[in-house]
Amino acid sequence: MELFNLTGFLLHRTDMKMTNYFKKRLKQFEITPEQWGILSVMDGERAITQKELSDAIDRDQTTVVRMIYSLEKKGIVIRTLNDADRRSHNLLLSEKGMELKSKLLPVVTEAHQHVTQNLTEVEIAELHALLDKLYQVVKDE
């Protein structure tokens, strides 16, 4: 089978280029695409547990703890003990984190528009549906 006919290769190649583009866009904010994923699901009003965050961004809890530690050191995330479960932590964006998220939203929106500029809204929806079908096959592997 030819390499350029392999879906996995095409997905990986595209992911690498898109991730590199996104890293360049976020570099001035000293945030990685993975950290943006965390910021995008958090806010400063409602706490989220590490488990909820892990589920929301589809990453293992060990990786999430490491990423939260980094964001906490930067003053972007606040971690407190969960009163209902002492083994768990509640996570909130700090004021600095909320300001950063507000600054990043237009950058992320522009980056999305850039990488999808050759696609119609219908094609974007179709792409999302197709990617989800592939994901459903491998999500538990």
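Residues numbered from 1 in each chain as written. Predicted model: local features only at pLDDT ≥ 70, side-chain atom pairs only at ≥ 80, totals over all residues. Heavy atoms only, no water.

Looking at an unreviewed UniProt entry, one finds the protein chain named MarR family transcriptional regulator and attributed to Brevibacillus formosus.

> What's the story with unusual backbone geometry in this structure? I'm lost.
Among all residues save glycine, negative phi is the norm, and among peptide bonds the norm is trans. Within the chain, Glu-30 stands out as a residue other than glycine whose phi angle is a positive 55 degrees. Considering the arrangement of structural elements, one finds Glu-30 in the loop between helix H1 (7–26) and helix H2 (33–41). A relative accessible area of 61% means that Glu-30 is categorised as exposed. Phi at Asp-58 takes a positive value of approximately 55 degrees, unusual for a residue other than glycine. In this structure, Asp-58 sits in the loop between helix H3 (50–57) and helix H4 (61–73). (Helix = DSSP H or I, 4+ residues; strand = E, 2+ residues; numbered from the N terminus. Buried < 20%, exposed > 50% of the residue type's maximum accessible area, 1.4 Å probe, protein only.)

> Sorry if this is basic, but what is going on with the packing of H3 against H4 here?
Packed helix pairs are specified by the crossing angle of their axes together with the interaxial distance, meaning the distance between the axes. Two elements in contact, H3 and H4, have axes separated by 9 Å at closest approach and are oriented at 110 degrees. By the criterion of interaxial angle, the relationship of H3 to H4 is roughly perpendicular. Together, Gln-50, Lys-51, Leu-53, Ser-54 and Ile-57 of H3 and Gln-61, Val-64, Val-65, Met-67 and Ile-68 of H4 make up the contact between the two elements. Class assignment of the residues belonging to the contact of H3 with H4 gives a composition of 6 nonpolar, 3 polar and 1 charged. (Axes fitted to C-alpha atoms, helices over the stretch in contact; angles between N-to-C directions. Parallel < 35°, antiparallel > 145°, perpendicular 65-115°, else oblique. Contact = heavy atoms within 4.5 Å. Nonpolar A, V, L, I, M, F, W, Y, C, P; charged D, E, K, R; others polar.)

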